[in-house]
Amino acid sequence: VVDGLPFADDKKKYILDTLDPILEEMVSDVLTEVPPQPLDYMISWLRKRSGLSSVHDQQSLQARNKALKQELKQIKSSIAEVGNAIKADDKGDEEEEEEDDD
């Protein structure tokens with residue numbers, strides 16, 4: 001499988017011992033299922049194998065995107081409030097300085 005590949009022996013061993021078994025199983029499953037979107041199937045397969053599928057499958061990308069946009073909106077609002085509070089505090093400090101000058 002790795003004969004003739006331009007990799008060092010330790011990389012070839014890694015391919016044979018670590019990658020090859022995983023890839024063979026995944027390719028076998030892809031060929032068994034013959035999904036219309038093989039890339040999506042492989043990503044899902046890898047997630048399931050890594051234990052991440054339950055979290056990622058429950059929330060579609062659109063739902064995740066919507067949630068992130070809402071979170072960003074809230075953060076921007078908080079930043080604006082802090083900015084306004086700082087401006088008001090600075091204005092109050094300036095007025096106090098002017099009163100002290102009188």
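Below: a short report on this structure.

Cut-offs used in this document
Residues numbered from 1 in each chain as written. Predicted model: local features only at pLDDT ≥ 70, side-chain atom pairs only at ≥ 80, totals over all residues. Heavy atoms only, no water. Patch = residues over 30% accessible without salt bridge, like charges linked within 9 Å, V, L, I, M, F, W, Y side chains within 5 Å. Areas by Shrake-Rupley, 256 points an atom, 1.4 Å probe, with all protein chains shown as cover. Salt bridge = Lys/Arg side-chain N within 4 Å of Asp/Glu carboxyl O. Lys, Arg positive; Asp, Glu negative; His and termini not counted. Charge placed at Lys NZ, Arg CZ, Asp CG, Glu CD. Helix = DSSP H or I, 4+ residues; strand = E, 2+ residues; numbered from the N terminus. Buried < 20%, exposed > 50% of the residue type's maximum accessible area, 1.4 Å probe, protein only. Contact = heavy atoms within 4.5 Å. Expected span 1.5 Å × (residues − 1). Bend = angle between axes of the 7 residues up to and from the residue.

## Quick word on a negative patch on the surface
Link 1 in the chain: Among the surface-exposed residues, D89, D90, D93 and E94 lie close enough to one another that they form a single negatively charged patch.
Link 2 in the chain: Mapping D93 onto the fold places it in helix α4 (residues 61-101).

## Observations concerning the pattern of salt bridges
Link 1 in the chain: Throughout the structure, instances matching the rule amount to 2 salt bridges.
Link 2 in the chain: Across the pair K13 and D17 runs a salt bridge whose closest N-O atoms are separated by 2.5 Å. Highlighted residues: K13 and D17, both in helix α1 (residues 9-33), separated by 4 residues, approximately one helical turn.
Link 3 in the chain: When its relative accessible area of 48% is taken as the criterion, D17 is described as partly exposed.
Link 4 in the chain: Ionic pairing is found between E25 and R49, a salt bridge with its closest N-O pair at 2.6 Å. Of this pair, E25 sits in helix α1 while R49 sits in helix α2 (residues 38-50), placing them 24 residues apart in sequence.

## Some points on a nonpolar patch on the surface
Link 1 in the chain: Among the surface-exposed residues, Y14, L19 and L23 lie close enough to one another that they form a single nonpolar patch of about 270 Å² accessible area.
Link 2 in the chain: If you trace the backbone, L19 turns up in helix α1.
Link 3 in the chain: Overall, the relative accessible area of 32% leaves L19 in the partly exposed class.

## Examining the side chain of K12
Link 1 in the chain: Mapped onto the fold, K12 is located in helix α1.
Link 2 in the chain: Here K12 is buried and forms no salt bridge, its nearest opposite-charge partner D9 lying at an N-O distance of 4.6 Å.
Link 3 in the chain: Excluding residues within four positions of it along the chain, K12 makes contact with V2, L5 and F7.

## Observations regarding α1
Link 1 in the chain: With 25 residues, α1 ought to run about 36 Å at 1.5 Å a step, and its terminal C-alpha atoms sit 34 Å apart, in line with that.
Link 2 in the chain: Taken as a whole, α1 carries its principal kink of about 50° at L19; the proline P21 stands between one and four residues after it.
Link 3 in the chain: Every buried residue belonging to α1 is among K12, I15, D20, M26 and V30, and all of these are buried.
Link 4 in the chain: If you follow the buried residues of α1, they end up packed against α2.
Link 5 in the chain: Remark: V34 follows α1 within two positions and exhibits a positive phi of approximately 45°.

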